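Observations on chain architecture
Each chain, written out:
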Amino acid sequence: MNDQLRQRLNRIYDRITSEDFLKTRGIGNEIAFFVFDYPPAAELDVRVFIRILENRIQSAKPNLRLASVNLFEFVIEYLRELKLLDKCFHLQKKKGDAALLKALMGVLNAQKVAHRFVEFARPHDHELVLVHGLGSVYPLLRTHTLLNNLHPLLDRIPLVLFFPGAYKGGKLLLLGGAEQAPEAHNYYRALHLVD
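Calculation criteria
- Within each chain, residue numbers correspond to sequence positions counted from 1 in written order.
- Note on the predicted model: pLDDT of at least 70 is required for a residue's local features to be given, and 80 or more for side-chain atom pairs to be given and counted; whole-chain, interface and lining totals, by contrast, use all residues.
- In computing side-chain values, all of the structure's heavy atoms are included and hydrogens and water are not.
- Scored from 0 to 100, pLDDT records how confident the predictor is in each individual residue.
- A contact between two residues is defined here by any heavy atoms of the two lying within 4.5 Å.
- A pair is scored as a salt bridge if a Lys or Arg side-chain nitrogen falls within 4 Å of a carboxyl oxygen belonging to Asp or Glu.
- Helix and strand definitions follow DSSP, with helices as H or I runs of at least four residues and strands as E runs of at least two, each counted in order from the N terminus.
- In a helix, the anticipated span is given by 1.5 Å times the number of residues less one.
- Accessibility here uses a 1.4 Å probe with only protein chains present; expressed as a share of the type maximum, an area under 20% marks a residue as buried, one over 50% as exposed, and anything in between as partly exposed.
- Taking the helix axis as origin, the arc is that swept by the directions to the C-beta atoms.
- Working convention: axes come from line fits to C-alpha atoms, limited for helices to the stretch in contact. Angles between N-to-C directions cover 0 to 180 degrees.
- Orientation labels follow simple angle bins: below 35 degrees gives roughly parallel, above 145 gives roughly antiparallel, 65 to 115 gives roughly perpendicular, and whatever is left gives oblique.
- Left-handed describes a crossing whose near helix is turned anticlockwise from the far helix through less than a right angle; right-handed describes the clockwise counterpart.
- Residues were grouped as follows: Ala, Val, Leu, Ile, Met, Phe, Trp, Tyr, Cys and Pro as nonpolar; Asp, Glu, Lys and Arg as charged; and all remaining residues, including Gly, as polar.
- Note on aromatic contacts: the rings of Phe and Tyr and the six-membered ring of Trp form a pair at centre separations within 6.5 Å, being stacked when their planes are under 30 degrees apart, edge-to-face when over 60 apart, and tilted otherwise.
- Lysine and arginine charges are scored as sitting over a ring when NZ or CZ, respectively, is within 6 Å of the ring centre and within 35 degrees of the ring normal.

1. Re the confidence of the model for the protein
Mean pLDDT over the protein stands at 87; residues scoring 70 or higher make up 92%. Segment residues 178-185 is flagged for pLDDT under 50; beyond a separation of four residues in sequence, or across chains, it makes 16 contacts in the model.

2. Quick word on the pattern of salt bridges
Should their charged atoms come close, side chains of opposite charge can pair. By the definition in use, this model includes nine salt bridges. When salt bridges with common partners are traced through the structure, they connect Glu 81, Arg 116 and Glu 119 into a single cluster.

3. Considering helix H4 (residues 43-60)
Between the first and last C-alpha of H4 there are 25 Å, a value that for 18 residues agrees with the 26 Å anticipated at 1.5 Å per step. Every buried residue of H4 is listed here: Glu 43, Val 46, Phe 49, Ile 50, Leu 53, Glu 54 and Ile 57. Looking down the long axis of H4, one finds its buried residues gathered within 140° of arc, a one-sided arrangement. H4 presents Leu 44, Ile 52, Gln 58 and Ser 59 as exposed residues on the side facing more than 90 degrees away from its buried surface. Of the surrounding elements, those touching the buried residues of H4 are helix H1 (3-10), helix H2 (12-17), strand S1 (33-38), strand S2 (66-70), strand S3 (128-132) and strand S4 (159-168).

4. Quick look at the packing of helix H8 (residues 110-121) against helix H10 (residues 143-154)
In the contact formed by H8 and H10, the axes pass within 8 Å of each other and the chain directions differ by 50°. Between H8 and H10, the crossing angle belongs to the class labelled oblique. You can see that H8 and H10 cross each other, and the crossing is right-handed. For the pair H8 and H10, contact is made by Ala 110, Gln 111, Val 113, Ala 114, His 115, Phe 117 and Val 118 and by Thr 145, Leu 146, Asn 149, Leu 150, Leu 153 and Leu 154, respectively. Residues that form the contact of H8 with H10 fall into these classes: nine nonpolar, four polar and no charged.

5. A look at the packing of aromatic side chains
The full count for this structure, using the stated rule, is six aromatic pairs. With a centroid separation of 6.2 Å and 5° between ring planes, the pair formed by Phe 74 and Tyr 78 is classed as stacked. Remark: Tyr 78 and Phe 74 occur in helix H5 (residues 71-81); sequence separation between them is four residues, near one turn of the helix. Residue Phe 74 shares its accessibility class with Tyr 78, and that shared class is buried. Members of the aromatic cluster, joined through ring pairs, are Phe 74, Tyr 78, Phe 117 and Phe 120. The residue whose ring lies beneath Arg 8 is Phe 36, and the NZ or CZ to ring-centre distance is 4.3 Å. Cation over ring: Arg 56 sits above Tyr 13, and NZ or CZ is 3.7 Å from the ring centre.

Put into structure tokens, the structure is as follows:
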């Protein structure tokens, strides 16, 4: 992990546990979605950091109600609940990734997934929602469409998205920011968590 990323990570705790952040003061009419973008090569370091961050919040701020959702694990559990997980494995093995993606398009519709996400994470019972595991769930679930569908469901509850890629000019550039990536063509309105 390089020094710049380490410095940015070290600023997260104070930022997300501050009263102004939790009460969404100072963001005007903006939505309470924040992006922490990082180089995809640092994924393992960021995973470790998220676990440390969760533990630090639990011990230092035990009254802060935190929901932390790994989107990959969430999608796996969602497919398991629908009794589709084993069928997905079988389809992928038999017909490949493209057939699986096509078969899951309706099931993983962003609007349906957003509603299930709210049931799963119960953001209204929490003061802060952390979302991670985005690189692992792509292309089954697209970040941009999920966030757009979550926006009306979360009101002013702060959501922090740990994003393996770049967030530039309102564009989510997943996994290294290749302009041809589908996420790159989607404008999104969120705030940078830390510079």
